[in-house]
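# A closer look at the structure
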Amino acid sequence: ELADIARSHGWSLEGLSIVEMSSDVTAEESQTTLYRPAEVELGERMSKLLAEVDRLRPTRIVLDSCSELRLLAQDALRYRRQILALKQRLVQLGCTILLLDNPYPGSPDMLLQSVVHGVISMEQLAPMYGAERRRLRVLKLRGLKYRGGYHDFIIKTGGLEVFPRLVASEHHREFRRDPVPSGVPELDALLGGGPDRGMSLLLMGPSGCGKSAVAAQFALAEALRGERTAVFAFDESTAMYLARAESLGMGLRPHLDAGRLTLQQIDPAELSPGEFAHAARRAVEAEEARLVVIDSLNGYLNAMPEESFMSLQLHELLAYLSQRGVLTVMTVAQHGLVASEVSSPVDLSYLAD
């Protein structure tokens, strides 16, 4: 089974020593009532394990999993003693051991967590709609400063991709707050020459009023100046976005082919907040985008309806983009035509400049 898993990821197990620790006790032998399993099997299992360690002298050991040892021990004191004995022996040999555990739901093994130096908790969430979402959290890491909180991750061919929680204050860099014109002289005049770099501009209004067109105009003007732009489309496909811009005389495809514009269609059912923040970071840091378009915030919020604190995560992302000197242009559909009826899915004064 391990070989099949490794093969599916394109890995080779060559050079690894795999020792099967499954019990060799037959059904007849296991029915004896003279000794408890904890008094016989656990000791034999630990002796076999330590004998293999002494023979191989590895620098890293993976024990998959501790659940078997816990069941064999049948007693918390005996289990703790065996884990401590194993730990002391490995310390003498200079080994690093990685323990895998399957705790009972809602009941973590605090006894095991108190013995080890570090604890990483991994979770899989099942939303009401869409693919499963995975996240991890560092609960403990003695002697080291670590990034707390939940971090989204995915399992893909080749291993894991982890999206560390974004902290905007760590990514500041110096930049000039030049205005960013839209290419429409009348609109730029209204905006005092255009919004400055490092700002967030929110285009809001009812459906069909031209929010996406104005956002695309900003993207086109930036590309014509030779700067890079990243567009994240939550509400429509890449082909539809390009066709609509083309129908308005805004040819985005040549800039897309030249690499000055990146257009990413976001599948709402397959995305986690951490993964989206990572995509924005990659566009800014790896592709050097100076303008980011999010079309729309309604789609962004609807993509993750069960996620808590979405506005906080969005605010942190906007703060990060501001620290990097990136102009962020967002659209949001506003419902209602008169003041008493107007509603918005986000706190506008909290988010946008």
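For the structure given in this document, a descriptive report is provided here.

Conventions we followed
- Residues numbered from 1 in each chain as written.
- Predicted model: local features only at pLDDT ≥ 70, side-chain atom pairs only at ≥ 80, totals over all residues.
- Heavy atoms only, no water.
- Pairing = 2+ DSSP bridges.
- Helix = DSSP H or I, 4+ residues; strand = E, 2+ residues; numbered from the N terminus.
- Axes fitted to C-alpha atoms, helices over the stretch in contact; angles between N-to-C directions.
- Contact = heavy atoms within 4.5 Å.
- Expected span 1.5 Å × (residues − 1).
- Buried < 20%, exposed > 50% of the residue type's maximum accessible area, 1.4 Å probe, protein only.
- Arc of directions from axis to C-beta.
- Phe/Tyr/Trp six-rings, centres within 6.5 Å; stacked < 30°, edge-to-face > 60°.
- Lys NZ or Arg CZ within 6 Å of the ring centre and 35° of its normal.

### Here's the deal with the sheet that holds strand β10 (residues 289-295)
- Within the open sheet, the 5 strands sit side by side as β7-β11-β10-β8-β9. Their pairing is parallel. Here the strands that pair on one side only, and so sit at the sheet edges, are β7 (200-205) and β9 (261-265). Between one strand axis and the next, the sheet turns by 15° as a mean value, whatever way the strands run.
- Where helix α8 (residues 238-247) meets the sheet, its contacts fall on β8 (228-233), β9 and β10, and the angle it forms with β9 comes to roughly 130°.

### Quick look at helix α12 (residues 310-323)
- Under the 1.5 Å per step criterion, the end-to-end length of α12 is 20 Å for 14 residues, consistent within 8% with the ideal 20 Å.
- Buried within α12 are the following residues: M310, L314, L317, L318, Y320 and L321. Burial along α12 is one-sided: seen end-on, the buried residues are contained in an arc of 155°.
- Of the residues trailing α12, G325 is marked for its positive phi of about 75°.

### Here's the deal with the environment of G251
- Of note, G251 is situated in the loop between α8 and α9 (253-258).
- Look at G251 and you get partly exposed, because its relative accessible area is 23%.
- For the pair G251 and L220, spaced 31 residues apart in sequence, the C-alpha to C-alpha distance is 7.9 Å.
- Apart from residues lying up to four places away in sequence, G251 is in contact with L220 and E246.

### With respect to the pairing of strand β6 (residues 159-163)
- Here strand β5 (residues 150-156) pairs with β6 via 5 bridges, running antiparallel. Along β6, the bridge assignment pairs F153 with V162.
- Counted between consecutive antiparallel strands, the loop separating β5 from β6 contains 2 residues, among which G158 sits at a positive phi close to 110°.

### A look at the environment of L42
- Following the sequence through the fold, L42 ends up in helix α2 (residues 37-56).
- Sequence separation of L42 and Q74 is 32 residues, and the distance between their C-alpha atoms is 9.8 Å.

### Concerning the packing of aromatic side chains
- Within this structure, the stated rule accounts for 2 aromatic pairs.
- Centroid distance F232 to F276: 5.2 Å. Interplanar angle 80°. Geometry classified as edge-to-face. Taken together, the positions of F232 in strand β8 and F276 in helix α10 (residues 273-285) put the pair 44 residues apart, joining distant regions of the chain. One exposure class covers both F232 and F276, and it is buried.
- For the pair F234 and F276, a centre-to-centre distance of 5.3 Å together with 65° between the ring planes defines the contact as edge-to-face. With F234 in the loop between β8 and α8 and F276 in helix α10, the pair connects residues that are 42 residues apart, well separated along the chain. The exposure classification of F234 matches that of F276, with both residues buried.
- Here the aromatic residues F232, F234 and F276 are joined through ring pairs into a cluster of three or more.
- When the ring centre of Y150 is taken as reference, the NZ or CZ atom of R135 above it lies at 3.7 Å.

Function cannot be read off these values alone, since they describe shape.
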